[in-house]
Amino acid sequence: QVQLVESGGGLVQPGGSLRLSCAASGSIFGINAMGWYRQAPGKQRELVAQTINFRSTNYADSVKGRFTLSRNSAKNAVYLQMNSLKPEDTAVYYCKADVGPDAYWGQGTQVTVSS
């Protein structure tokens, strides 16, 4: 079992920045992928950024050049630095960790980009 706790969401103006944090606990040594997804109202949950085996990182085309995924292995945490935020980035952001075929999700954190 893996437990994920997210933090860092909030309200920001267009062009602003936010940093999301996700701390993992439990059976963390089995994690082979970790990343962020988001779900806007009325839309399906989509991948934002993901690191595979903490070696390669994939980004959604819509966030490339604006968002950066990083990790702190000592704290068993991953972060999502979000710059140049747009209203269309508004969504609930979820942290996800894969352990073999099993997926674990955080509770989600709201990000709202609005003037």
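Residues numbered from 1 in each chain as written. Predicted model: local features only at pLDDT ≥ 70, side-chain atom pairs only at ≥ 80, totals over all residues. Heavy atoms only, no water.

Turning our eyes to something else, we now look at the overall build of the chain. Along its length, the chain carries zero helices and eleven strands. Starting at the N terminus and walking to the C terminus, you meet the elements of the chain as β-β-β-β-β-β-β-β-β-β-β. Once the C-alpha set of the chain is aligned to its principal axes, its extents read approximately 40 × 25 × 25 Å. For the chain, buried positions account for 42% of its 115 residues. Excluding contacts between residues fewer than 6 apart, the proportion of contacts in the chain whose partners are at least 24 apart in sequence is 52%. For the chain, the accessible area works out to roughly 6100 Å², and carbon and sulfur atoms hold 47% of it. Within the chain, the 7 negative side-chain charges are centred at a point lying 6 Å from the centre of the 11 positive side-chain charges. (Helix = DSSP H or I, 4+ residues; strand = E, 2+ residues; numbered from the N terminus. Buried < 20%, exposed > 50% of the residue type's maximum accessible area, 1.4 Å probe, protein only. Contact = heavy atoms within 4.5 Å. Areas by Shrake-Rupley, 256 points an atom, 1.4 Å probe, with all protein chains shown as cover. Lys, Arg positive; Asp, Glu negative; His and termini not counted. Charge placed at Lys NZ, Arg CZ, Asp CG, Glu CD.)

Moving on to the state of the cysteines. What the rule picks out here adds up to one disulfide. Here C22 pairs with C95 through a disulfide, and the sulfurs are 2.1 Å apart. Residues C22 and C95 share a disulfide whose torsion about the S-S bond is about -80°; that sign makes it left-handed. You can see C22 sitting in strand β3 (residues 18-26) and its partner C95 sitting in strand β9 (residues 91-99), a full 73 residues away along the chain. (Disulfide = S-S within 2.5 Å.)

Take the pattern of salt bridges next. Counted under the stated rule, the structure contains five salt bridges. A salt bridge links R38 to E46, with the nearest nitrogen and oxygen atoms 2.7 Å apart. Overall, E46 belongs to the partly exposed group, its relative accessible area being 36%. Residues R66 and D89 are paired through a salt bridge, measuring 2.8 Å at the closest nitrogen-oxygen approach. Taken together, the residues span a long stretch of sequence, with R66 in the loop between β6 (56-59) and β7 (67-72) and D89 in the loop between β8 (77-82) and β9 at a distance of 23 residues. The class for R66 is buried, based on a relative accessible area of 10%. We classify D89 as buried; its relative accessible area is 1%. Members of the salt-bridge network, linked through shared partners, are R38, E46, R66 and D89. (Salt bridge = Lys/Arg side-chain N within 4 Å of Asp/Glu carboxyl O.)

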